[in-house]
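For reference, the chains in residue letters:
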Amino acid sequence: QVQLVESGGGLVQPGGSLRLSCAASRSINSINVMGWYRQAPGKQRELVATISRGGNTNYASSVKGRFTISRDNGKNTLNLQMNTLNTEDTAVYYCYANFDWRAYWGQGTQVTVSS
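Conventions we followed
Residues numbered from 1 in each chain as written. Predicted model: local features only at pLDDT ≥ 70, side-chain atom pairs only at ≥ 80, totals over all residues. Heavy atoms only, no water. Phe/Tyr/Trp six-rings, centres within 6.5 Å; stacked < 30°, edge-to-face > 60°. Lys NZ or Arg CZ within 6 Å of the ring centre and 35° of its normal. Helix = DSSP H or I, 4+ residues; strand = E, 2+ residues; numbered from the N terminus. Buried < 20%, exposed > 50% of the residue type's maximum accessible area, 1.4 Å probe, protein only. Disulfide = S-S within 2.5 Å. Contact = heavy atoms within 4.5 Å. Salt bridge = Lys/Arg side-chain N within 4 Å of Asp/Glu carboxyl O.

Undergrad: Would you take a moment to explain the packing of aromatic side chains for this structure?
TA: Two aromatic rings, taken as a pair, are described by how far apart their centres are and by the angle between their planes. Summed over all chains, the structure comprises three aromatic pairs. Here the aromatic cluster, defined as three or more aromatic residues joined through ring pairs, consists of Tyr37, Tyr96 and Trp105. When the ring centre of Tyr94 is taken as reference, the NZ or CZ atom of Arg45 above it lies at 3.7 Å. The side chain of Arg45 reaches across the aromatic face of Trp105, ending 4.7 Å from its centre.

Undergrad: Got a minute to help me understand unusual backbone geometry in this structure?
TA: Glycine aside, negative phi is the norm for most residues, and most peptide bonds take the trans geometry. A positive phi is found at Thr84, a non-glycine position, where the angle reads about 50°. Here Thr84 shows up in the loop between strand S8 (77–82) and strand S9 (91–99). Even without being a glycine, Trp101 presents a positive backbone phi close to 65°. The residue Trp101 is located in the loop between S9 and strand S10 (102–105) in this model. Exposure remark for Trp101: the relative accessible area of 83% places this residue in the exposed category.

Undergrad: What's the story with the state of the cysteines in this structure? I'm lost.
TA: Put plainly, two cysteines are in a disulfide when a covalent bond ties their sulfur atoms together. For the structure on display, the rule yields one disulfide. Across the disulfide, Cys22 is cross-linked to Cys95 (sulfur-sulfur distance 2.1 Å). Looking along the S-S bond of the Cys22-Cys95 disulfide, the torsion reads about -80°, which is the left-handed sense. Residue Cys22 is found in strand S3 (residues 18–24), and its partner Cys95 is found in strand S9; the two are separated by 73 residues along the sequence.

Undergrad: What's the story with the environment of Ala24 in this structure? I'm lost.
TA: Among the secondary structure elements, Ala24 is positioned in strand S3. The buried category is assigned to Ala24, whose relative accessible area is 14%. Taking the C-alpha atoms as reference points, Ala24 and Glu6, separated by 18 residues in sequence, lie 9.0 Å from one another. If near-sequence neighbours (up to four positions away) are discounted, Ala24 is found in contact with Val2, Gln3, Leu4 and Asn76.

Undergrad: Can you walk me through the pattern of salt bridges in this structure?
TA: Opposite charge on two side chains makes pairing possible when the charged atoms of those side chains draw close. In the structure shown here, the tally under the stated rule is three salt bridges. When the shortest N-O distance is used, the salt bridge between Glu46 and Arg38 registers 2.7 Å. On the basis of relative accessibility, which here comes to 36%, the residue Glu46 falls in the partly exposed class. Look at Arg38 and you get buried, because its relative accessible area is 5%. Three or more residues are tied together by salt bridges with common partners; here these are Arg38, Glu46, Arg66 and Asp89.

Bear in mind that shape data such as this cannot, by itself, settle questions of function.
Spelled out as structure tokens, the structure:
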């Protein structure tokens, strides 16, 4: 099993930046795919970005060029650097891990982009 705990959400003005982190309860070297999803009010949960154990990344078109996903194997942490945020990025952001053919989710962290 894997427990995931997100941190780093908050309120930011349009054009600002935030860095989300997700701490895993086990070595992320053993986790094939990790990623970030988000869910805005009244909308379905959507993919933001994923990263494989080998470092291959995949981004939603809406965040490509603004967000960067990374893995810190030494700290067993998944990160999401979010730059040039806009109001459409407002959502609850969830950390995701695919381990041993099962999906694991964190509890979510709120990101609000507003002036």
